[in-house]
Amino acid sequence: MPSSREEQLRNNRRLARQLLGLVAVILILIGLFTVIGWCVTGLQALLDDSDRRQSYADRLYGLVMFDTLPFEDVSQVDQSVFKQAAIWGCVYQIQAGGGSLDDYERDEETGSVILPRLEVDTYLTNLLGPDYVVEEGSFETSEMSYIYDEERQGYLVPVTGAVGLYTPEVESIRTQSGHLYVTVGYIPTLASTTSLTLTAPTEPTKYMDYVFTRGENRQWYLTALQESEMQPVSTPTPTPSSAAAPTPDPQSMVESNLGVATSDEASSDAASSDAASSDAGQESTDAAPDSAAESGTADGGTDTVTVTGNADDTGSEPAA
């Protein structure tokens with residue numbers, strides 16, 4: 001009896017140890033999978049630079065919008081180009097950030113939005129650096145004129161008057177020889193396309209490299225704009241006419257025309273032969289009325305002549 005009780009206690013302790021070991025293994029596996037998940041997430045965060053690319057797309061939106069020409073130094077560019085890019089870059093950032101231009105003061109005479117000079121200067125400072133000096137005042141570009149309101153310290157922006165040519169899509173960001181190269185794809189807007197489609201293109205039609213250099217506080221600032229080595233992938237689309245109707249072989253066309261001509265000639269000969277036969281039959285009937293079958297009608301005394309057979313069978317009489 002005591003031995004049975006000791007055996008039962010040993011079995012209970014063995015079962016408890018097994019359960020404890022199973023729980024420990026489960027906890028170890030959970031911890032292992034958790035650590036692996038953290039590693040994968042961290043690796044993805046290191047490799048995924050979509051947020052960084054989007055931030056550069058926002059900074060360059062105004063320049064891409066009006067298809068700024070390449071330059072080797074910002075000092076070589078007319079300041080109106082950067083000021084215009086800054087104005088519309090601010091408008092884009094306001095709308096992209098969930099804001100509304102209705103929150104801004106408007107000019108009573110023109111209805112234009114009065115964009116504060118401070119926002120335009122801040123945009124240019126973030127893009128070109130604090131050393132770039134902005135000259136305030138009204139200016140003109142090839143697209144439109146911008147009036148500066150000295151009293152209200154802002155630019156009058158005709159929001160409905162500008163139509164962008166492109167929207168940016170940053171393809172890659174790389175560092176080389178102390179410069180930061182941002183390759184931007186230019187996606188045409190619906191207004192800039194000449195096609196009759198109702199949807200805007202979704203693929204870039206050209207690429208440009210925006211070159212940044214480290215400046216104050218080790219921040220990257222735009223210093224040059226170059227044509228990129230990256231080229232858009234063109235996929236030829238067959239025209240409906242070429243796809244629907246293949247070009248015929250010249251020899252086949254000649255043979256087909258000859259066949260049509262021969263067929264027309266044969267049809268003409270057959271028609272002439274039938275006409276001749278009909279005339280011959282009519283002459284035979286007129287020449288030999290006695291040999292034709294006659295049937296009298298009692299009403300009105302009108303005789304109806306029925307010719308049976310061909311013109312050669314004029315001697316046969318119909319059965320009574």
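An account of the accompanying structure is given in this report. (Residues numbered from 1 in each chain as written. Predicted model: local features only at pLDDT ≥ 70, side-chain atom pairs only at ≥ 80, totals over all residues. Heavy atoms only, no water.)

### A few points about the environment of Tyr104
Counting through the fold element by element, Tyr104 comes out in the loop between α4 (79–96) and β1 (113–116). The sequence separation of Tyr104 and Pro116 amounts to 12 residues, and the corresponding C-alpha distance is 8.9 Å. In this view, Tyr104 contacts Ile94, Val113, Ile114, Leu115, Pro116 and Glu119; residues no more than four positions away in its chain are not counted. A polar atom in the side chain of Tyr104 sits 3.0 Å from the side chain of Glu119. (Helix = DSSP H or I, 4+ residues; strand = E, 2+ residues; numbered from the N terminus. Contact = heavy atoms within 4.5 Å. Polar contact = N/O pair within 3.5 Å; in protein donor to acceptor, adjacent residues only side chain to side chain.)

### Re the sheet that holds β1
Strand pairing in a sheet takes place through backbone hydrogen bonds and is either antiparallel or parallel in direction. Overall, antiparallel pairing links the 4 strands, which are arranged β1-β4-β3-β2 in an open sheet. Edge positions in the open sheet fall to β1 and β2 (139–140), since each of these has one partner strand only. With 2 bridges joining them, β2 and strand β3 (residues 145–149) adopt antiparallel strand pairing. Opposite Glu140, over in β3, you have Ser145 as the bridge partner. Together, β1, β3 and β4 (154–157) form the strand contacts of helix α5 (residues 117–128), whose direction differs from that of β1 by roughly 50 degrees. (Pairing = 2+ DSSP bridges. Axes fitted to C-alpha atoms, helices over the stretch in contact; angles between N-to-C directions.)

### Section: the packing of α4 against α5
At a closest axis distance of 9 Å, the pairing of α4 and α5 adopts a crossing angle of 105 degrees. Looking at the two axes, α4 sits roughly perpendicular to α5. When α4 is examined against α5, the residues Phe82, Lys83, Ala85, Ala86, Ile87, Gly89, Cys90, Gln93 and Ile94 are found in contact with a partner set consisting of Glu119, Val120, Tyr123, Leu124 and Leu128. Of the residues belonging to the contact of α4 with α5, the class tally is 10 nonpolar, 2 polar and 2 charged. (Parallel < 35°, antiparallel > 145°, perpendicular 65-115°, else oblique. Nonpolar A, V, L, I, M, F, W, Y, C, P; charged D, E, K, R; others polar.)

### A closer look at the pattern of salt bridges
Pairs can form between side chains of opposite charge once their charged atoms are near each other. Taken as a whole and judged by the stated rule, the model has 9 salt bridges. The salt bridge partner of Glu7 is Arg10, with a shortest N-O separation of 2.3 Å. One end of the pair is Glu7 and the other is Arg10, both in helix α1 (residues 2–47) and 3 residues apart, which spans about a single turn. Close ionic contact of Arg152 with Glu105 constitutes a salt bridge, the shortest N to O distance being 3.3 Å. Of this pair, Arg152 sits in the loop between β3 and β4 while Glu105 sits in the loop between α4 and β1, and the two are 47 residues apart along the sequence. Put simply, Glu105, Asp107, Glu108, Asp149 and Arg152 are held in one network by salt bridges that share partners. (Salt bridge = Lys/Arg side-chain N within 4 Å of Asp/Glu carboxyl O.)

### A few points about the environment of Gly129
Mapped onto the elements, Gly129 comes out in the loop between α5 and β2. Looking at Gly129, the relative accessible area reads 2%, which means it is buried. Gly129 has contacts with Leu124 and Tyr221, leaving out every residue within four places of it along the chain. (Buried < 20%, exposed > 50% of the residue type's maximum accessible area, 1.4 Å probe, protein only.)

### Brief notes about the packing of aromatic side chains
Here the structure, examined in full by the defined rule, presents 8 aromatic pairs. An angle of 5 degrees between the planes, with centres 3.9 Å apart, marks the rings of Tyr61 and Tyr92 as stacked. With Tyr61 in helix α3 (residues 61–65) and Tyr92 in helix α4, the pair connects residues that are 31 residues apart, well separated along the chain. Both rings, one in Phe139 and one in Tyr155, keep their centres 6.1 Å apart while their planes meet at 70 degrees; by these two values the pair is edge-to-face. Here Tyr155 lies in strand β4 and Phe139 lies in strand β2, a separation of 16 residues in the sequence. Judged by its relative accessible area of 10%, Phe139 is buried. Look at Tyr155 and you get buried, because its relative accessible area is 0%. (Phe/Tyr/Trp six-rings, centres within 6.5 Å; stacked < 30°, edge-to-face > 60°.)

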